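Coordinate inspection notes
These are the residues of each chain, in order.
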Number of protein chains: 2
Amino acid sequence: MTDSTGPDPVGIRAVSELTGLSLDTLRWYEREGLLPLVERSDGGQRRYPPAAIRFIRLVQVLRRTGMPVDDVRDFVQMGSGLEWHGARTALLEQRAAAIEEQIAQLHQDLAVVREKIAHHRDLQQRGLDCEDEIAAAAPHSGGAGQRPETNGDGHA
Amino acid sequence: MTDSTGPDPVGIRAVSELTGLSLDTLRWYEREGLLPLVERSDGGQRRYPPAAIRFIRLVQVLRRTGMPVDDVRDFVQMGSGLEWHGARTALLEQRAAAIEEQIAQLHQDLAVVREKIAHHRDLQQRGLDCEDEIAAAAPHSGGAGQRPETNGDGHA
DNA sequence: ATTTGCGCTGGAGTGCACTCCACCTCCTAC
DNA sequence: GTAGGAGGTGGAGTGCACTCCAGCGCAAAT
């Protein structure tokens, strides 16, 4: 070991830039008990060892995928003992399942949007519009498409 | 036409059940200008023609994929004229791109969670735990894993 | 015709996740 | 030593998207 006592003094600012979380959010997460591994310098400043930073990344994943802060805290505060291992794993598996659902939903939604786009292109091509996409009032518009009562549409 | 004057009297309750949006949310969306095609019965009750319902589904997609209500309104209130066609299409394309990003992000996040799960299984197998997943205090736990200063970890 | 209840409206209230603020301390540069 | 700025704390404030409510009218059932 040449100089292995390198204390890597990673402060809150660095972590903020590293993670994209604001300074306030980092401090708030910590108060809320989401960030256990953060240490303090002599003068009371936050120091983030590598493990803390990795932990923050996990918390970000959980939050980003829609887990409420309260639930993240529950997860975080589970003990490290083996009794909790099952619970932790179960929770992670739930999250994985939730993420998969979200992905599936987004694929559906994406398909809908794409379909609308195609529909629009098609309509534009032939200079029409359709009740599906007309909006409320078009004050500046020349009222190009005041639909009368055309109500014989197919389906979705 | 045998009896084609069927007015399909679809009320707010039916739409609520159909879409999963609450009664309040449906009314609120309408006040906010997100739902243009809703009509009223003689006595002032909301009536949702098929086009309105389809429109609601589109709004749901936009909201679900993270578009703020204000932006949905902007989209909705674009005129139906051709001048707006480009804007509408552009907006939808932006949304499609945003959804793709979200899917990509979720795939990443899913990978992280899966990795953690595997890691957990591995640790459990050998009866260990690691600083990555220890939490704060485990009051009822027998304090099974009080890490001393083990700080020589690999990466991620 | 009366009861029962659904639906309407405007406005107030809620929950969540931050974000801002004032005031203080500590550290760094000069 | 002193000035300036980063960082710390507790608490208040904000923005968003609903959600709840009181008071009223219309409707369907009896």
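The model shown is predicted, which means the values in this text are computed figures rather than measured ones.

**Quick look at the packing of aromatic side chains**
Scanning the model with the defined rule gives two aromatic pairs over all chains in all. Each ring, one from Trp28(B) and one from Tyr29(B), has its centre 5.7 Å from the other, and the planes form 45°; the classification is tilted. Judged by relative accessible area, which is 38%, Trp28(B) ranks as partly exposed. Overall, the relative accessible area of 8% leaves Tyr29(B) in the buried class. The ring of Phe75(A) carries Arg88(A) above its face, with NZ or CZ at 5.4 Å from the centroid.

**So, the protein's contact with DNA strand D**
Among the 18 residues in the neighbourhood of DNA strand D, the closest are listed as Arg13(A), Arg31(A), Arg46(A), Asp24(B) and Tyr29(B). The contact atoms of DNA strand D, taken as those within 4 Å of the protein, divide so that sugar and phosphate hold 74%. Between DNA strand D and Arg27(A) there is a distance of 3.0 Å, counted from a phosphate oxygen to a side-chain nitrogen or oxygen. Here Thr25(B) contributes a side-chain N or O atom positioned 3.3 Å from a phosphate oxygen of DNA strand D. Of all the secondary structure elements, the ones that give two or more residues to the surface near DNA strand D are helix 1 (12-19) and helix 2 (23-31) of chain A together with helix 2 (23-31) of chain B. Take the surface near DNA strand D: its biggest share by element is four residues, from helix 2 of chain B. When grouped by side-chain class, the residues that make up the surface near DNA strand D number five nonpolar, six polar and seven charged.

**Remarks on the UniProt feature "coiled-coil region" (unreviewed entry) in chain A**
In the UniProt entry, the feature "coiled-coil region" (unreviewed entry) is given for residues 89-116 of chain A. With 100% helix and 0% strand, the stretch residues 89-116 of chain A has end C-alpha atoms that lie 41 Å from each other.

**Some thoughts on the pattern of salt bridges**
A full pass over the atoms with the stated rule returns 14 salt bridges over all chains. One salt bridge in this structure joins Arg40(B) and Glu30(B), with 3.3 Å as the shortest N-O distance. One end of the pair, Arg40(B), is in strand 1 (residues 39-40); the other, Glu30(B), is in helix 2, with 10 residues separating them in the sequence. When its relative accessible area of 44% is taken as the criterion, Arg40(B) is described as partly exposed. Accessibility expressed as a relative area gives 17% for Glu30(B), which makes it buried. A salt bridge links Glu30(B) to Arg46(B); its shortest N-O distance comes to 2.5 Å. Highlighted residues: Glu30(B) in helix 2 and Arg46(B) in strand 2 (residues 46-47), separated in sequence by 16 residues. Note on accessibility: Glu30(B) and Arg46(B) belong to one class, buried. If you follow the salt bridges from partner to partner, you end up with Glu30(A), Arg40(A) and Arg46(A) in one network.

Conventions adopted
Residues numbered from 1 in each chain as written. Chains lettered and ligands numbered in written order. Predicted model: local features only at pLDDT ≥ 70, side-chain atom pairs only at ≥ 80, totals over all residues. Heavy atoms only, no water. Phe/Tyr/Trp six-rings, centres within 6.5 Å; stacked < 30°, edge-to-face > 60°. Buried < 20%, exposed > 50% of the residue type's maximum accessible area, 1.4 Å probe, protein only. Lys NZ or Arg CZ within 6 Å of the ring centre and 35° of its normal. Near = heavy atom within 4 Å. Polar contact = N/O pair within 3.5 Å; in protein donor to acceptor, adjacent residues only side chain to side chain. Helix = DSSP H or I, 4+ residues; strand = E, 2+ residues; numbered from the N terminus. Nonpolar A, V, L, I, M, F, W, Y, C, P; charged D, E, K, R; others polar. UniProt positions renumbered as here; feature names shortened; annotations may be inferred. Salt bridge = Lys/Arg side-chain N within 4 Å of Asp/Glu carboxyl O.

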